[in-house]
There are 2 protein chains.
Amino acid sequence: MDSVEEDIYQVRKLEISDKNKGFIELLQQLTLCDSVSDEAFQERFQEIAKYGDDHIICVIQENHSNSGRIVATGSLFIEKKFIRNCGKVGHIEDVVVDSSVRGKQLGKKIIEFLSDHARAMGCYKVILDCSLENRPFYEKCGFKQKEIQMVKYFI
Amino acid sequence: MDSVEEDIYQVRKLEISDKNKGFIELLQQLTLCDSVSDEAFQERFQEIAKYGDDHIICVIQENHSNSGRIVATGSLFIEKKFIRNCGKVGHIEDVVVDSSVRGKQLGKKIIEFLSDHARAMGCYKVILDCSLENRPFYEKCGFKQKEIQMVKYFI
């Protein structure tokens, strides 16, 4: 990424106004995500904001003249434990890059932003779950496969 | 488990006094867990308690005359998302059963307690990471393998 692109694709924290810049549509590329009312969005935004630095959502907004769209996002929350000398673990979730801007290493920027935050908050590790298909990407970001993820759906 | 054992092994939420009933020693069977000072324990207990029903730790105390020890534990925190119609996901962590009481299905009781809480809190799923070796246990609890877990250690 050259310096012009560096300026175009800055990582920052989610803001309420991002709902109207394609944030929900971006999440729809990740999984099931119905359209969300402004009220429901604001309520969830405030619930997460209450956790302060313990739960952050970051985005990349495309800063060129015809755009302003949110093109990448990821979230991190910090779990407080008793193990590891009352340690903390960062959990990365819901990472997605818009299909139109793949190959610009925006996913890597998101992961670095979230990992740096986890480290700064004193986490001894950061973890995430992904498909086997995405393992090479996360390996490039410095992650290693460790365990398996199990799930139980209620609905 | 017969009805007498049912009485002996009840699941309840962690209390501050559990530190002196072998809770930390139990966690040491799971992973690295140094001895924790009373002050550090209380501070971390209060930090987690602030999350209320969004982060619970449950334990099983062995209620027979010569014991009173904590013999099983597990934790659950609830992540609030925008996807899935502003859905919630329960994350199960740090499940361990004392090696002296294995085979009594205490692990299953812990998982059921945490899963029931996640469902009651409106989560659409509950997830956890485990070793391949522990997959059969979680399958018996109604879980299925889905993704892989990736980790990056800072220390």
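Residues numbered from 1 in each chain as written. Chains lettered and ligands numbered in written order. Predicted model: local features only at pLDDT ≥ 70, side-chain atom pairs only at ≥ 80, totals over all residues. Heavy atoms only, no water.

A.B. asks: Could you clarify how one ought to interpret the packing of aromatic side chains in this entry?
C.D. replies: By convention here, two paired aromatic rings are described through the distance between centres and the angle between planes. Here the structure, examined in full by the defined rule, presents 14 aromatic pairs over all chains. Arranged with centres 6.1 Å apart and planes meeting at 75°, the rings of A:F23 and A:F41 form a pair that is edge-to-face. Placement of A:F23 in helix α2 (residues 23-27) and of A:F41 in helix α3 (residues 38-49) is noted, with a sequence separation of 18 residues between them. You'll find A:F23 and A:F41 in the same group, each marked buried. With a centroid separation of 4.7 Å and an interplanar angle of 25°, the aromatic rings of A:F82 and B:F41 are classed as stacked. Note that A:F82 is positioned in the loop between β3 (70-80) and α4 (83-86) and B:F41 in helix α3 (residues 38-49), a pairing that runs across two chains. We note that A:F82, like B:F41, is buried. (Phe/Tyr/Trp six-rings, centres within 6.5 Å; stacked < 30°, edge-to-face > 60°. Helix = DSSP H or I, 4+ residues; strand = E, 2+ residues; numbered from the N terminus. Buried < 20%, exposed > 50% of the residue type's maximum accessible area, 1.4 Å probe, protein only.)

A.B. asks: Explain the sheet that holds strand β1 (residues 9-13) of chain B to me, please; I cannot follow it from the model alone.
C.D. replies: Backbone-to-backbone hydrogen bonds pair the strands of a sheet. The strands run either parallel or antiparallel. Read from one edge to the other, the open sheet built from 12 strands follows the order β1(A)-β2(A)-β3(A)-β4(A)-β5(A)-β6(B)-β6(A)-β5(B)-β4(B)-β3(B)-β2(B)-β1(B), with strand pairing classed as mixed. Unpaired on one side and paired on the other, β1 (9-13) of chain A together with β1 of chain B mark the two borders of the sheet. Geometrically, the sheet is characterised by an average inter-axis angle of 25° between neighbouring strands, direction not taken into account. Strand direction decides the pairing type here: strand β5 (residues 125-130) of chain A and strand β6 (residues 144-153) of chain B, joined by 6 bridges, are antiparallel. Following the sheet pairing, A:D129 is matched in β6(B) by B:Q149. Of the strands in this sheet, β2 (55-62) of chain A together with β3 (70-80) and β4 (88-97) of chain B touch α3(A), which is tilted by about 135° from β3(B). Most of the contacts of helix α5 (residues 106-120) of chain A go to β3(A), to which it runs at about 25°, and overall it touches β1, β2, β3, β4 (88-97) and β5 of chain A together with β6 of chain B. (Pairing = 2+ DSSP bridges. Axes fitted to C-alpha atoms, helices over the stretch in contact; angles between N-to-C directions. Contact = heavy atoms within 4.5 Å.)

Nothing here speaks to function; it is all geometry.
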